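Notes for the structure review
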Amino acid sequence: MAINPEFIGRTYPPTQSYSVGREKIREFASALGETSPCFFNLDSARQLGYPDLVAPPTFAVVATMKAGEQVVFDPELALDYTRVVHGEQRFVQHRPIFAGDELTSTVSVDSIRSAAGNDMITVKTQLHSTGGELVSTVYSLLVSRGVEEVS
Amino acid sequence: MTTVSFSQVHVGLELPPQEFVFTRADLIRYAGASGDFNVIHWSERVAKEVGLPSVIAHGMLTMGTVIRVVTDWLGDPGKVLEYSARFTRPIPVPDTSEGATIKVSAKVSELLENNQAVIAISAIHNDVTVLAKTVATVQLEP
């Protein structure tokens, strides 16, 4: 069933802030097989001019995971999570994410379209620091694969 | 750790290619680290029920891994200003010790103002492109 395009522009309330921890950065970097010392070692990060451990370029997915669930599990949108695949992803880093950041996610539905029986929904998430600075803007295209019709 | 200066790069410059391997253990580890516990990334039963060939790698595991070709070259992962990818084909990860191998290459596709460059990344698994339109904009040194 196609998603109602009236959901375009729907904006969810900002989430509780996500605290970026050093161990989470280390754990996430390890899960990506990273070996660059600036993810693990404070001195190495500081040598690059950063205030604390720097997060890998895709770390925003961790900080926005809960926020994205607002859309995925929105009963009015009624997406079938087991049929949802990730179509596209785009990160705009206004500055890197560092350990010690407190980040709030504000999620909105950027676009909705249907093609070949699949629904495609682009979710936009803006990550702000507690000081109100825009740190990252993340766009995720979710594809809800259509159920094959029996004719 | 050295960083790359703008004067050193030109359109067409190839970055050192790398190969990455995903096993089931890598998928479990990424699920835990990222918080993405979608069943299709760890249950063969559910993956097949929804029409997938097998458990598949998280698109974000692939995307997060292949950018290492750029950040290892840059020497500073904080200099990635934009990064986007389209997940064109799933990567089935068999329950074997060999897992699935992804071959990644990248080259400079465009030079921008303010010492920025656009890097186009190619990710191939079993001769098939698994990520399309995979592009990173990076900040280089003057």
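A few words on the overall build of chain A. For chain A, the helix and strand inventory stands at three helices and five strands. Reading chain A from its N end, one meets helices and strands in the order β-α-α-α-β-β-β-β. Dimensions of chain A, computed from the C-alpha atoms along their principal axes, are close to 65 × 30 × 20 Å. Of all 151 residues assigned to chain A, the portion counted as buried reaches 35%. Sequence-distant contacts in chain A: of pairs separated by 6 or more residues, those separated by 24 or more amount to 72%.

What follows covers helix α3 (residues 59–66) of chain B. Each full turn of the α-helix corresponds to 3.6 residues, which orients residues three or four apart in the same direction. In terms of burial, α3(B) is a largely internal element, eight of the eight residues being buried. Among all positions of α3(B), only G59(B), M60(B), L61(B), T62(B), M63(B), G64(B), T65(B) and V66(B) are buried.

Moving on, we come to the confidence of the model for chain B. Averaged over all residues, the pLDDT of chain B equals 95, while 99% of them reach at least 70. In the model output, the complex is listed with pTM 0.93 alongside ipTM 0.95.

Next up on the list: the interface of chain B and chain A. The interface of chain B with chain A comprises 31 residues on the first partner and 29 residues on the second. When residues of the side of chain B that touches chain A are traced back to their parent elements, those giving at least two are α1 (24–34), α3, α4 (68–74) and β2 (80–87) of chain B. With eight residues, β2(B) is the largest single contributor of residues to the side of chain B that touches chain A. Looking at the side of chain B that touches chain A residue by residue, the classes come out as 16 nonpolar, nine polar and six charged. Taken together, the five bridges between strand β2 (residues 84–93) of chain A and β2(B) define a ladder with antiparallel strand orientation.

Let's shift gears to the pairing of β2(B). With six bridges joining them, β2(B) and strand β5 (residues 128–139) of chain B adopt antiparallel strand pairing. Residue pairing across strands places F87(B) opposite L131(B), the latter belonging to β5(B).

With that settled, the discussion passes to the sheet that holds β2(A). Strand order across the open sheet formed by 10 strands is β1(A)-β3(A)-β4(A)-β5(A)-β2(A)-β2(B)-β5(B)-β4(B)-β3(B)-β1(B), with antiparallel pairing between neighbours. Each having just a single partner strand, β1 (18–19) of chain A together with β1 (14–22) of chain B make up the two edges of the open sheet. Where β1(A) meets strand β3 (residues 102–115) of chain A, two bridges bridge the pair, whose relative direction is antiparallel. Opposite S19(A), over in β3(A), you have E102(A) as the bridge partner. Contacting β1, β2, β3, β4 (118–129) and β5 (134–144) of chain A, helix α3 (residues 60–72) of chain A runs over the sheet at an angle of about 55 degrees to β3(A).

By size, the foremost hydrophobic cluster in this structure holds 64 residues, and its most contacted members are I25(A), F59(A), V66(B), V70(B), I121(B) and V138(B). With five residues, β2(B) is the single largest residue contributor to this core. Beyond its immediate sequence surroundings of up to four residues, I121(B) is in contact with V66(B), V69(B), V70(B), V104(B), A106(B), T134(B), V135(B) and A136(B). If you look at the next biggest cluster of nonpolar residues, it comprises seven residues, including A67(A), V107(A), I121(A) and L142(A).

Let us look at α3(A). Residue and element names in this part refer to chain A. Between its first and last C-alpha, α3 extends 17 Å over 13 residues, near the 18 Å set by a 1.5 Å rise per residue. Considering bend angle alone, the principal kink of α3 is centred on K66 and spans about 50 degrees. Within α3, burial applies to A60, V61, V62, A63, T64, A67, G68 and V71.

For residues other than glycine, phi is negative in most cases, and the peptide bonds are mostly trans. Residue and element names in this part refer to chain B. Its identity is not glycine, yet N114 carries a phi of approximately 60 degrees, on the positive side. Position of N114 relative to the elements: it lies in the loop between β3 (100–111) and β4 (116–125). On the basis of neighbour counts, which here come to 9 C-beta atoms within 10 Å, the residue N114 falls in the exposed class. One non-glycine residue, D127, adopts positive backbone phi at about 65 degrees. By secondary structure assignment, the location of D127 is in the loop between β4 and β5. A count of 6 C-beta atoms within 10 Å places D127 in the exposed class.

Glancing now at the pairing of β4(B). Every other side chain in a regular strand lies on the same face of the sheet, so the side chains alternate between the two faces. All names here are of chain B. The alternating pattern of β4 places A117, I119, I121, A123 and H125 on a buried face and Q116, V118, A120, S122 and I124 on a face that is not buried. Bridging between β3 and β4 involves eight bridges; their strand directions are antiparallel. From the neighbouring strand, L111 faces β4, where its bridge partner is A117. Between the end of β3 and the start of β4, which pair antiparallel, lie four residues, with N114 showing a positive phi angle near 60 degrees.

Position of L141(A) among the secondary structure elements: in strand β5. The residues touching L141(A), leaving out its near neighbours within four places in the chain, are G87(A), E88(A), M120(A) and T122(A).

Conventions used here
- Throughout this description, residue numbers start from 1 for each chain and increase along the sequence as written.
- Here chains are named by letter from A upward and ligands by number from 1 upward, in the order in which they appear as written.
- For a predicted model such as this one, the threshold for reporting local features is a pLDDT of at least 70, and the threshold for listing and counting side-chain atom pairs is 80 or more; totals across whole chains, interfaces and linings nevertheless cover every residue.
- In this text, helices come from DSSP runs of H or I with a minimum length of four residues, and strands from runs of E with a minimum of two, each type numbered from the N-terminal end.
- To assign burial, the other C-beta atoms lying within 10 Å of each residue's own C-beta are counted, with C-beta atoms placed from the backbone; 20 or more indicates buried, 12 or fewer indicates exposed, and intermediate counts indicate partly exposed.
- Note on contacts: each residue gets a C-beta atom placed from the backbone, and two residues are in contact if those atoms are within 7 Å.
- The pLDDT value tells you how sure the predictor is about a given residue, anywhere from 0 up to 100.
- Ten residue types, Ala, Val, Leu, Ile, Met, Phe, Trp, Tyr, Cys and Pro, are classed as nonpolar, four, Asp, Glu, Lys and Arg, as charged, and the remainder, Gly among them, as polar.
- Here the rule is simple: two strands pair whenever DSSP picks up at least two bridges between them.
- Here the axes come from fitting lines to C-alpha atoms, over the contacting stretch only for helices, and the angles between their N-to-C directions go from 0 to 180 degrees.
- As used here, a nonpolar core is made of buried Ala, Val, Leu, Ile, Met, Phe, Trp, Tyr and Cys residues. They are joined through C-beta atoms within 7 Å.
- The span you would expect from a helix comes to 1.5 Å times its residue count less one.
- Working definition for bend: take the seven residues up to and ending at a residue and the seven starting at it, fit an axis to each, and measure the angle between the axes.

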